[in-house]
Amino acid sequence: LSCTCILRSRSSAGPSRAVAVLVVGVRQRYYPVTTLRHVVAAAAREGFEVDYFVMLNWNQPRDHHRLFSKPYLQASSNPLFANSTKVAMQDYVTRLARRYGARRVQIHLMDPGVSWNPDPPSTERLFGRDFVGHLAYLNYMLKLRKVELLWNRTRAALRSETYKHVILVRDDVHWLEDIRLADFPDSRAVYSQAMGFLCSRSSNPGLPTEHVFVIGGDVADSLLRAYSEYYSNPSTALDRVGSTEEYW
């Protein structure tokens, strides 16, 4: 079951002033307020038309019994949604997104949750994991699939427009200040922080974190179809990828 709500407002802005904010994850880790406050509202104040689209697993997919690959990732559920119904959550997030300036809002709550294709194209293409059932590998494939499913629905809602930026945000990201889209001018670039820990210099400056991607509109369609590429691209370079961060 997918609960969906789409609201549209009339816009006079050109296509190059449109921005999509995409959020994927699970209900238990979804904290939307700071993303709405510091991304959606900030972009709207800069004159962009902002679309806010979300896809969350409401419950776990069939035959999937653990959400997190490591104990320290097991976060407490957001109490705001712990006992919420789908309709109540959808209504709350939609109203909040509209209040912060979103033009279009879609909230997809998947029950049962989005599942994965259990058969990798190669036993080597496991992102540095040693077997297909590794939870980190499976959770990453779930994320890639949700990103592509949400992007397909985003494109369907967009019709003939194009986005100047697509901002992909993890469900539990907490923003401390407003995003400034003028800092990301290249429409063919993908921007991300280097992989590392908070307040520490990155030990892997060549690898991106997966918390937030600011994606130029000219390359968004390619990057956001990484799930299909995993299965259809025969390049052996993908078999040598040593981590999820390196793949993306």
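A brief report on the enclosed structure follows. (Residues numbered from 1 in each chain as written. Predicted model: local features only at pLDDT ≥ 70, side-chain atom pairs only at ≥ 80, totals over all residues. Heavy atoms only, no water.)

Let's talk about the overall build of the protein chain
Along the backbone of the protein chain there are 6 helices and 9 strands. Out of the 248 residues in the protein chain, the part that is buried amounts to 49%. Contacts in the protein chain between residues far apart in sequence, at least 24 positions, make up 81% of those at least 6 positions apart. With an accessible surface of roughly 12500 Å², the protein chain has 50% of that area assigned to carbon and sulfur atoms. (Helix = DSSP H or I, 4+ residues; strand = E, 2+ residues; numbered from the N terminus. Buried < 20%, exposed > 50% of the residue type's maximum accessible area, 1.4 Å probe, protein only. Contact = heavy atoms within 4.5 Å. Areas by Shrake-Rupley, 256 points an atom, 1.4 Å probe, with all protein chains shown as cover.)

So, the environment of H108
By the element assignment, H108 lies in strand β4 (residues 102–110). Between the C-alpha atom of H108 and that of V54, which follows or precedes it by 54 residues, the distance is 5.9 Å. Of note is the side chain of H108, whose polar atom sits 2.7 Å from the side chain of Q106. A distance of 2.8 Å separates a polar atom in the side chain of H108 from a polar atom in the side chain of R153. (Polar contact = N/O pair within 3.5 Å; in protein donor to acceptor, adjacent residues only side chain to side chain.)

A closer look at helix α1 (residues 33–45)
The terminal C-alpha atoms of α1 lie 17 Å apart, and with 13 residues this matches the ideal 18 Å at 1.5 Å per residue to within 8%. All of the buried residues along α1 are T34, T35, L36, H38, V39, V40, A41, A42 and A43. The elements touched by buried residues of α1 are β2 (18–26), β3 (49–57), α2 (86–99), β4 and β5 (165–170). The first or second residue beyond α1 is G47, which carries a positive phi of 100 degrees. (Expected span 1.5 Å × (residues − 1).)

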